[in-house]
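Residue-level listing of the chains:
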Amino acid sequence: MIAAFLAFAWRSAVEPIEPPAASGFDRSLIRHGAELAALGDCSACHTAREGRVFAGGRPIGTPFGTIYSTNITPDPSTGIGRWSQVAFTRAMREGVDRNGRHLYPAFPYDHFTLISDADIKALYAYLMTRQPIQAPAHANELPFPLNVRPLLAGWKLLFFREGRYRADSGHDSTWNRGAYLAAGLAHCGACHTPRNRLGAEKDNRLFGGGDSENWHAYAINTESQSPVPWDASALQFYLRNGWHALHGVARGPMAPVVENLAGVPETDLVAIAAYVVSVMGNPTPARLQRAAGLTATASRNTAGSSPQSALANDVGATIYAAACASCHESGQPLPFGGINLALSIDVSGEEPTNLIHVVLDGLPATGEVQIPIMPGFASTLSDRQLLALLTYLRARFAGKPLWNDVGKSIGDAR
Amino acid sequence: MTALLPNDTASAHISRRAVLQGAGALIVSFTISPAASSQDKGRAKAAGTAVKLAGSLTNTPYLDAWIRIDADGSVTAFTGKAELGQGIKTALLQITAEELEVPLDHLTLITADTALTANEGYTAGSHSMQDSGTALRNAAAQAREILIGVAASRMNVPAAQLKAASGVVIAPSGARLSYGELVSPTLLHVQAQPVSKLKDPASFRVMNRSQPRIDIPGKVTGGSVYVQDMRLPGMLHARVVRPPSYGAQLAAVDSAAVERMPGVMSIVRDGNFLAVVAEREYQAIKAMRSLAAGSKWQEQSTLPKQAELAATLSGLPSQEFRIFEKPESSPPDAAATALEATYTRPYVAHASIGPSCAVAQLRDETLTVWTHTQGVYPDRQAIAEMLSLPPDRVHCIHVQGSGCYGHNGADDAAGDAALIASKMPGRPIRVQWMREQEFAWEPFGPAMVAKARASLDSSGRIADWEYGVWSNTHSMRPGPAGALLAGQHMALALPPPAPKPLPQPEGGGDRNAIPLYALPHAKVVHHFIPSMPLRVSALRSLGGYMNVFSIESFMDELALAAETDPVAFRLKHLDDPRAREVVTVAADRFGWSGRQKGGSGRGCGFGFARYKNLAAYCAIAMQLAVEHETGRIRVERIAAAVDTGQAVNPDGIRNQIEGGILQSMSWTLYEAVSFDDTRILCVDWSTYPILRFGSVPNSLDVHIVERPGQPFLGCGEASQGPASAALANAVADATGKRLRDLPLTAARLKAAIGV
Amino acid sequence: MMELKVNGRVHSVDAAPDTPLLYVLRDDLQLNAAKYGCGLGQCGACTVIVDGEAVFSCVIPILLLQGKEITTVEGLGSIDQPGPMQRAFIEEQAAQCGYCIPGMMMRAQALLQKNPLVSDEEIRRTLEQNLCRCGTHMRILRAVRRAVQLMQVATPART
């Protein structure tokens, strides 16, 4: 039985090659590959904090343990320099490395399998023409038996379907382009679709909201709780710029996604936006009506400064007025001013994770680019005070009851 | 009152009268000749005297304007310059202690104060050591000789046999007379002589020794150091509601609710000037926010398109000044290689960490203003004019603030405090700007465009050089009341003064536009643009930063064309031996000749200039790495060499050079003021990012080339230009891409590198 | 009246509960070290330590600070008896205008209290939250490194 499984799980190595010369690749193919790598957000996972781009080593926290991303520069000894196009394609589509080892699905080959031959070829050309960087892989930190790679064959048998994207003739080419990118290379569902206990995306809950590195990726299907429903032009703007006046600023793992998207062709963003918005479906009239009110309020929030909210007896209200309102009611526009919290998905969303995260840890300054900065309150807000604040924010700005089990979420975040 | 300020800023609570009446004091009042506020206007002429005296003695020749000795032997030095964080107080004390032969810790220093000190104009242009340091050095030396002369007659010993040390004159017999015993009331009320008996540098015991700065202990222990820290009895806190944009008119203001807010004492409105005064600081802030929300302004769209800034600027009407022309040599040979390049820089903010602050009080018909201005006398003139007061009813006292780096909001804050205090007699009024006000209203360092063209002869030497620089003025400082925001915004609506180009040899937009290199054939033109779309004024090093960036970038472009090493190429065109030495020393200290070859994302660059072609010489070599995928630049190591003439406080010099380099890295890599057609958009550190610790180099070594006995050369602005060029040249070395538009952002570099 | 424990002493403060700590430190307790820089928690000039953690005092209302231990630069030593962090900054001459320095010192102090064996990389990363405009960074890094040594001398490791 075991022998049979091992035989099933066994994959052959692909012959190593001499690292190909960069000059052997077509320039326009490389440029196309660069756009595709940006769409795929490759650098976000394959770059360690303060490390060299694509040299790997970034820890990826999963419910099962920590996996370290690998070096995908063409370094012959520590990167993919000896990978042929065949080996690269197999890894992308089947989740097997050049040596024949199964890859953990933290590398989203369940999405990449949809990518076309032409695009995989361009990605290969792009990656093989990067600067080779010597950076040995960091060993994963997974408990037994999860560290036994052949077992991944079983996981694949249960959850993985190899195969290219098949166009849906019921939709136009823009929608299909969007679906191809969102489901494949851009692997939106890797974060935005909930996963089962074995870490596979739930097929029946596409874009129903998932988790990523201690952040929640909000539902972007019909369950979306966005105070103002997304439309295609807003989403396109958001993907291009990383923020939208009625939706706020991309933070957490979405921040590098939109940073990368800044360099991709507009037509691809149009396509992704069209597809995702169609998955979100048409909002109800009640939602639209509430949104119209919010939009009107937000557009009045203009010049200079506005008064802070009056102090109330409520502890949460007092904390809001004292600590939050000075930025969130300053009238300073997005993306650098604080958002009107009535527009914030963090307050209205299905999970409190991100709100708690942002209140506690803030949005620290990093680097020297224009970026929203927010101070964190972890060391000054007690659990009780934080709970009071969340209760107040949820009631005042979302008109909703507090989330279930917020205490646990606070505990987890601490 | 002593709790108010630490001892070293004692000027705030000593009146001239008190000084004059000091126990056993011997000085009498001195005459300060009329305003010779000079720095940015070039050297002032000696006032009414045919003899050229040393440094600021020219304008303030009486020794007792600089040095006072009390009967108890205590010594006070006076300077019209201000401590801006550059460490000038310590250096001036070192000079005085050295030449006067007194222990440094027996000395007190009084800085810029219109009632107490000489008018030395602005503390700017890296002039303090040349002006005030030179004056104090000569005054102290002459005072020492006067004291020795008195001792000689009292002891009946030839002066030549007497020696001064530690505040005592000593005879060969061992007989001693202390300075306190030797002074008499008018002893130092004499005009300085043209020649002083200065000490031989070999005998220095205080100068040219690194002296811990006297201001640092207070700054790191919570001392009351800054104007922001002042707390006068009965003091009220004011905040100004600034217009949302240049030229906005206050159409309506609803102040009724604000007047009822806790602690609110007064709402001041004078034309477009709107402010609120409250008992407590945070009450004032809350009231200001309410008042702002209740104010309606009519705004005008007056700003150019940011993306087209360079074209807009060079398209504005300009006045041409041919500041350098050297036509005598034969024209370049026909085989010459010709190069041409255009460089641009955006508006850059001073971006002081502490928003501007001032305290003012109108009492007994005198308005006292405590301010971090760079020029107490010009500020006094502006405030007096704004309030229609005689200048002698306005007393401006310098108190330290957050670093200003030129003309930031400090003078405007003083104007704000003065205007509010004039309407609330008796109460001291403290005004501090909010962060967004500092960014939106400070006068920026002007945006500039420079065009260079040169040809090389067949031996790889520059045969012909043409350079033009387009710029606004670099000084809109007070003096005139219209230079103050309060003056512009009040109902009187005082017009800003007409902008003027600052003349050569120091220059403004054309500062350092004339290369120090030996060029057979050269022409340099300053295109002065009077029209100012954004509010501008002096930012540290003025046009020097941009001109050195452009010239030194272009030198590397020429060196590349000549296939010559950049350092060798510079030396090939440098005759000045001191220039050659700093270049050579910086290159040696860096290991230039053995450096790693550029390319593959790592490179080295070099930059050199003599600030203003008159002050310190500075050469900088830099190594950096470029992340190919992002264009992000990481500076790894820097070596600098500097020649400041006679060094006074070597560690102070190093601190200034290091600071200049890091500040220049920040300007060069990251900074640009952003705006739309109406408003300034960068209003905080989110929108105006500056250098953070993650980007600080691993090492930065500053080597001082010693020049014992040579005149002091200011160094506070010597390193900014060379650092920017070294950076751009290292980027070109690393990537093969030449960036000519500042700032050299990762996005721009990535775009240049391509995939 | 609110009670605040600052540098080991309890103070009764007559300020509105929404007042940010910074203004109470400066205006009520007359402590100079914490500075107003931005009021937005972006520059770090106002940094103080609350229960061992470095915080931006300009955005923390005093109502959140009941029963907490607040430390400012004044709590690290005095001009006559400077503490290790202060001595380190004096010895390295790590200031120009000095306005940002107290905030730097407090953030570094919190770091070293938690981890006396801190790496240079961690020092840099921690100080990312604080801005200096004079370009004193090299000296600040050296001063924090020196403070590590001075603190080890001041409190020898227990065996």
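The rules behind the values
- Residues numbered from 1 in each chain as written.
- Chains lettered and ligands numbered in written order.
- Predicted model: local features only at pLDDT ≥ 70, side-chain atom pairs only at ≥ 80, totals over all residues.
- Heavy atoms only, no water.
- Pairing = 2+ DSSP bridges.
- Helix = DSSP H or I, 4+ residues; strand = E, 2+ residues; numbered from the N terminus.
- Buried < 20%, exposed > 50% of the residue type's maximum accessible area, 1.4 Å probe, protein only.
- Axes fitted to C-alpha atoms, helices over the stretch in contact; angles between N-to-C directions.
- Parallel < 35°, antiparallel > 145°, perpendicular 65-115°, else oblique.
- Left-handed = near helix turned anticlockwise from the far one by under 90°.
- Contact = heavy atoms within 4.5 Å.
- Nonpolar A, V, L, I, M, F, W, Y, C, P; charged D, E, K, R; others polar.
- Buried area = accessible area lost by both parts, 1.4 Å probe.
- Salt bridge = Lys/Arg side-chain N within 4 Å of Asp/Glu carboxyl O.
- Polar contact = N/O pair within 3.5 Å; in protein donor to acceptor, adjacent residues only side chain to side chain.

(A) Structural view of the pairing of strand S2 (residues 65-68) of chain A. All names here are of chain A. Relative to S2, strand S1 (residues 59-62) is paired through four bridges, and the arrangement is antiparallel. What sits directly across from Gly61, in S2, is Thr66. Between S1 and S2, which follow one another and run antiparallel, lie two residues.

(B) The arrangement of the pairing of strand S11 (residues 295-298) of chain B in detail. Residues and elements named next belong to chain B. With burial as the criterion, only one face of S11 is covered, namely that bearing Ser295 and Trp297; the residues Lys296 and Gln298 on the opposite face remain uncovered. One ladder, built from four bridges, connects strand S8 (residues 249-253) with S11; its direction is antiparallel. Residue pairing in the sheet places Leu250 in a bridge with Trp297 of S11.

(C) Looking closely at the packing of helix H10 (residues 232-241) of chain A against helix H12 (residues 266-280) of chain A. Residues and elements named next belong to chain A. For the pair H10 and H12, interaxial distance at closest approach is 8 Å and the crossing angle is 130°. As far as their axial angle goes, H12 and H10 are oblique. Regarding H10 and H12, the two cross each other, and that crossing is right-handed. Residues Ala232, Leu235, Gln236, Leu239 and Arg240 of H10 pack against Glu266, Leu269, Val270, Ile272, Ala273, Val276 and Val277 of H12. Residues belonging to the contact of H10 with H12 are distributed by class as follows: nine nonpolar, one polar and two charged.

(D) Representation of the sheet that holds strand S22 (residues 617-626) of chain B in the model. Residue and element names in this part refer to chain B. One open sheet holds the four strands; their spatial order is S21-S22-S23-S24, and the pairing between them is mixed. Among the strands making up the open sheet, the edge pair consists of strand S21 (602-610) and strand S24 (699-704). Across the sheet, the mean angle separating the axes of adjacent strands is 15° when strand polarity is ignored. Across six bridges, the pairing between strand S23 (residues 633-643) and S24 is parallel.

(E) Here's a closer look at the interface of chain B and chain C. Each side of the interface is counted separately: chain B has 66 residues, and chain C has 56 residues. Taking both partners together, chain B and chain C bury about 4,900 Å²; carbon and sulfur atoms supply 53% of that area. On inspection of chain B and its partner chain C, the count reaches six salt bridges. One can count 40 residue pairs in polar contact (both at pLDDT 80 or more) joining chain B with chain C. Looking at the side of chain B that touches chain C, its residues break down into 25 nonpolar, 24 polar and 17 charged.

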